[in-house]
Every structure is written in C-alpha cells, then in structure tokens.
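Now for the letters of each chain:
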Amino acid sequence: MSFAAGSGGGTGNCSGVSNITVNGMAYTPSFCQEFNGAVGSAIDTTVWNFDLGNNGGWGNGEAEVYCGPPGYAGNPSQCPTTFSTSTAPVYIDGNGHLVIQPIYENGA
C-alpha cells in the first residue's frame with residue numbers, strides 16, 4: 001500500500017502550524033492535513049490517492065498487493081472490504097493519526 005498527495009485537493013488548512021527556521025532559512029507550511037476523525041473515518045480522497053494493484057508482480061516480481069481503505073474504488077480483490085483496525089491497510093485511528101500498516105497475508 002502506498003499513497004501520495006494528490007493534485008485534486010486544496011492546500012489544506014495550516015492555521016496554528018508554526019513556521020520553522022533551519023540554517024537561517026524560514027519555511028512556511030503550504031500543505032497541512034489533520035487526521036482528527038473517529039476511528040475508521042474516511043480519508044480525504046480529494047487530497048490523497050492510493051496506488052492500487054500489483055496482482056502480477058509489477059515488473060520486479062514483488063509479492064505485495066497495494067490496497068486503499070476498505071471499499072475504496074478500484075481495490076484489488078485481495079483487499080479488505082469491511083473496516084477493522086487489524087485488517088485495514090490505512091485508516092484514521094481516532095487520536096489524530098493516519099495509520100499505514102503492511103499486512104502479511106498468504107505470502108503477499
């Protein structure tokens with residue numbers, strides 16, 4: 001499972017996030033995403049997208065199958081269809097965190 005910031009969403013809301021200075025250079029956050037939803041709540045798919053698939057080894061013979069959240073459109077058939085914190089590859093944990101977890105299942 002992997003994910004990347006998408007091009008379809010906005011810039012997020014960075015209010016309350018401080019600028020940082022490193023070696024005299026000031027940096028202002030330009031994208032912020034909070035994960036303050038309840039356990040298992042939806043990830044904002046206007047901002048995030050998921051690389052899905054790999055049922056055939058994607059060129060280097062890797063065994064991984066890439067899944068979005070349970071029920072995500074286009075998920076391979078091996079992906080979970082209902083939410084559980086033990087089987088979901090990605091979810092919001094209810095404590096302000098995005099959880100991304102690899103799951104070993106039947107050799108993949």
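Just so it is clear, the model here is predicted, and its values are computed rather than measured.

Student: I keep staring at the environment of Ala26 and nothing clicks. Help me out?
Tutor: Looking at where Ala26 falls in the secondary structure, it is placed in strand β3 (residues 25-27). Judged by relative accessible area, which is 54%, Ala26 ranks as exposed. Filtering out sequence-adjacent residues up to four positions away, Ala26 remains in contact with Ile20 and Thr21.

Student: What is the right way to read unusual backbone geometry from this model?
Tutor: Most peptide bonds adopt trans geometry, and most residues besides glycine take a negative phi value. One non-glycine residue, Asn23, lies in positive phi territory at about 50°. Summarising the element assignment, Asn23 is placed in the loop between β2 (20-22) and β3. Given a relative accessible area of 81%, Asn23 falls into the exposed group.

Student: What is the right way to read the state of the cysteines from this model?
Tutor: Under the definition given, this model contains 2 disulfides. Here Cys14 is linked by a disulfide to Cys32, with a sulfur-sulfur distance of 2.2 Å. Taking the sign of the torsion about the S-S bond as the criterion, the disulfide between Cys14 and Cys32, at about 110°, is right-handed. Placement of the pair is Cys14 in the loop between β1 (2-5) and β2 and Cys32 in the loop between β3 and β4 (48-51), with a sequence separation of 18 residues. For the pair shown, Cys14 and Cys32 are each scored as buried.

Student: Would you mind going over the packing of aromatic side chains with me for this structure?
Tutor: By convention here, two paired aromatic rings are described through the distance between centres and the angle between planes. Using the criterion set out here, one finds 4 aromatic pairs in the structure. Pairing Phe35 with Trp48 gives two aromatic rings, centres 6.2 Å apart and planes at 40°, and the pair type is tilted. Residue Phe35 is found in the loop between β3 and β4, and its partner Trp48 is found in strand β4; the two are separated by 13 residues along the sequence. Each member of the pair Phe35 and Trp48 is classed as buried. Where Phe83 meets Tyr91, the ring centres are 5.5 Å apart and the plane angle is 75°; that geometry is what we call edge-to-face.

Student: Any chance you could explain a nonpolar patch on the surface here in plain terms?
Tutor: Together, Ile20, Val22, Met25 and Tyr27 make up an exposed nonpolar region whose accessible area comes to about 390 Å². Elements supplying a minimum of two residues to the nonpolar patch: β2 and β3.

Student: Sorry if this is basic, but what is going on with the confidence of the model for the protein chain here?
Tutor: Interpretation of this model should avoid reading the predicted coordinates in detail wherever pLDDT is low. Here the protein chain averages 80 in pLDDT, and 82% of its residues register 70 or above. Contacts from residues 1-11, a stretch scored under 50 in pLDDT, to residues over four places away or in other chains number 33 contacts.

Student: Could you clarify how one ought to interpret the environment of Val39 in this entry?
Tutor: By secondary structure assignment, the location of Val39 is in the loop between β3 and β4. For the pair Val39 and Ser84, spaced 45 residues apart in sequence, the C-alpha separation works out to 9.6 Å.

Student: What is the right way to look at the side chain of Asp93 in this model?
Tutor: Here Asp93 shows up in the loop between β5 (90-92) and β6 (98-100). Note on Asp93: relative accessible area 17%, which makes it buried. Here Asn95 takes part through its backbone nitrogen, which lies 2.7 Å from a polar atom of the side chain of Asp93. If we ignore the near neighbours within four places in the chain, the residues touching Asp93 are Val39 and Val99.

Definitions and limits used
- Residues numbered from 1 in each chain as written.
- Predicted model: local features only at pLDDT ≥ 70, side-chain atom pairs only at ≥ 80, totals over all residues.
- Heavy atoms only, no water.
- Helix = DSSP H or I, 4+ residues; strand = E, 2+ residues; numbered from the N terminus.
- Buried < 20%, exposed > 50% of the residue type's maximum accessible area, 1.4 Å probe, protein only.
- Contact = heavy atoms within 4.5 Å.
- Disulfide = S-S within 2.5 Å.
- Phe/Tyr/Trp six-rings, centres within 6.5 Å; stacked < 30°, edge-to-face > 60°.
- Patch = residues over 30% accessible without salt bridge, like charges linked within 9 Å, V, L, I, M, F, W, Y side chains within 5 Å.
- Areas by Shrake-Rupley, 256 points an atom, 1.4 Å probe, with all protein chains shown as cover.
- Salt bridge = Lys/Arg side-chain N within 4 Å of Asp/Glu carboxyl O.
- pLDDT = per-residue confidence, 0-100.
- Polar contact = N/O pair within 3.5 Å; in protein donor to acceptor, adjacent residues only side chain to side chain.

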